[in-house]
Amino acid sequence: MIRPVLHLALTLALTALWAVVIWETLLWFGPGWAAYAPATCQPNCFCELPRTGELLLQPANSWSSLGFVAVGGWIALGAANHYRSAFGILPTLWYGLTAVAIGVGSALLHATLTLWGQFADVAGMYLLGAFTLTWAVTRWRNLTATAAIALYLTLVTALIALLWVAPETRRWLFAVLLVVAIAIEWTLARPRRPGIAQHWLLLGLAANALAFALWLLDQSRTLCNPTGWAQGHAAWHLLGAVAVLCSYKYYRSERH
């Protein structure tokens, strides 16, 4: 079992390492982001005003994405501590890695506002959303590990294919995925999970609800300071990371 202080230290080190990887990737491809196909949200992608000509077009939204990287790294590094939980080592490891993928993809999107950055951003969201739905269906229908993996791969393949051919559907499709996953989890899977601490799921939903409210205020420019570091969309990232952490605590509380 990893000690808490070491766990935290390794999480911070891993987050810093990913920040360096993201920075080096951006240096390799940029900063001439106008040469690439723009994200479908262009020309008004969120409140934060793009710093034209700079490596990070939206620095606040980019760096706040590391909240997902930190939470995902913390979850993945603690996977070995799950020998008593029904949420085993491999599911924990993959859940953490998908959160890292969300953070890296989000940083690439907001730094570049390109179509390929948008693809990386939404692909990570689909990986986590498909996991949430698969895990709920697995407990509800008592699926075998093989069947669960097959379901997950089918969902991810279909979602990423749709993202490739119809990127404009990304927002409503992810919303539908999340709502269906939460509905199945709460009504059908949760009663079958022994010893589950359902308050963690409710806290995660509350964090997501607040995050979505701030996203709407940012998107509509109701609460907007285009040149400041206090961005509603950045808060959406950080609260989203909190929601991922709460969901992890919920899953981990289930006993065999």
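Further up the page is the structure itself.
Calculation notes
Residues numbered from 1 in each chain as written. Predicted model: local features only at pLDDT ≥ 70, side-chain atom pairs only at ≥ 80, totals over all residues. Heavy atoms only, no water. 1 Å grid on protein atoms, 1.4 Å probe; cavity = no way out; pocket = protein on both sides within 12 Å on 5 of 7 lines; lining within 4 Å. Points joined across faces, edges and corners; volume = space filled by probe spheres on them. Helix = DSSP H or I, 4+ residues; strand = E, 2+ residues; numbered from the N terminus. Nonpolar A, V, L, I, M, F, W, Y, C, P; charged D, E, K, R; others polar. Disulfide = S-S within 2.5 Å. Buried < 20%, exposed > 50% of the residue type's maximum accessible area, 1.4 Å probe, protein only. Axes fitted to C-alpha atoms, helices over the stretch in contact; angles between N-to-C directions. Left-handed = near helix turned anticlockwise from the far one by under 90°. Contact = heavy atoms within 4.5 Å.

Colleague: Can you help me understand the layout of surface pockets in this one?
Modeller: Picture a little ball the size of a water molecule; that probe, rolled over the atoms, points out where space is still empty. Each pocket or cavity is described by its volume, and for the largest pocket that value is around 1100 Å³. Around the largest pocket, the lining is made up of 40 residues, and of these Met 125, Phe 174, Leu 178, Asn 208 and Trp 236 lie nearest the centre. Put simply, the parts of the chain that give the lining of the largest pocket at least two residues each are helix H4 (89-112), helix H5 (115-141), helix H7 (170-189), helix H8 (198-219) and helix H9 (232-252). It is H7 that contributes the most residues to the lining of the largest pocket, nine residues altogether. When its residues are assigned to classes, the lining of the largest pocket shows 25 nonpolar, 11 polar and four charged. Along the walls of the second largest pocket sit 14 residues, with Pro 91, Phe 131, Trp 135, Ala 148 and Ile 149 positioned nearest its centre.

Colleague: Please explain the state of the cysteines as it appears in this structure.
Modeller: The term disulfide refers to a covalent linkage connecting the sulfur atoms of a pair of cysteines. For the coordinates displayed, the defined rule picks out two disulfides. Here Cys 41 connects covalently by a disulfide to Cys 45, the sulfurs 1.9 Å from one another. Judged by the sign of its S-S torsion, about 95°, the cystine formed by Cys 41 and Cys 45 is right-handed. You can call Cys 45 buried: its relative accessible area is 5%.

Colleague: Hey, could you run me through the packing of helix H1 (residues 4-29) against H4 in this one?
Modeller: What describes two packed helices is the angle between their axes and the distance between those same axes. At a closest axis distance of 11 Å, the pairing of H1 and H4 adopts a crossing angle of 35°. Viewed along their axes, H1 and H4 form a crossing whose handedness is right-handed. In this structure, H1 contributes Trp 18, Ile 22, Thr 25 and Leu 26 to the contact, and H4 contributes Val 100, Val 104, Ala 107, Leu 108, Ala 111 and Thr 112. When the residues that make up the contact of H1 with H4 are grouped by side-chain class, the tally is eight nonpolar, two polar and no charged.

Colleague: I'm lost on the environment of Leu 93 in this one. Help?
Modeller: Structurally, Leu 93 is set in helix H4. For Leu 93 and Ala 76, which are 17 residues apart along the polypeptide, the C-alpha to C-alpha distance reads 4.5 Å.

Colleague: Explanation requested: unusual backbone geometry in the structure shown.
Modeller: Backbone geometry follows two general trends: most residues other than glycine have a negative phi, and most peptide bonds adopt the trans configuration. At the junction of Gly 30 and Pro 31, the peptide bond is cis and its omega measures out at 5° in the coordinates. Note on placement: Pro 31 falls in the loop between H1 and helix H2 (59-64). Pro 43 follows Gln 42 through a cis peptide bond whose omega is 5°. Along the chain, Pro 43 falls in the loop between H1 and H2. You will see that Phe 46, though not glycine, has its phi angle at about 70°, which is positive. Turning to its location among the elements, Phe 46 is positioned in the loop between H1 and H2. Assessed through its relative accessible area of 7%, Phe 46 is described here as buried.

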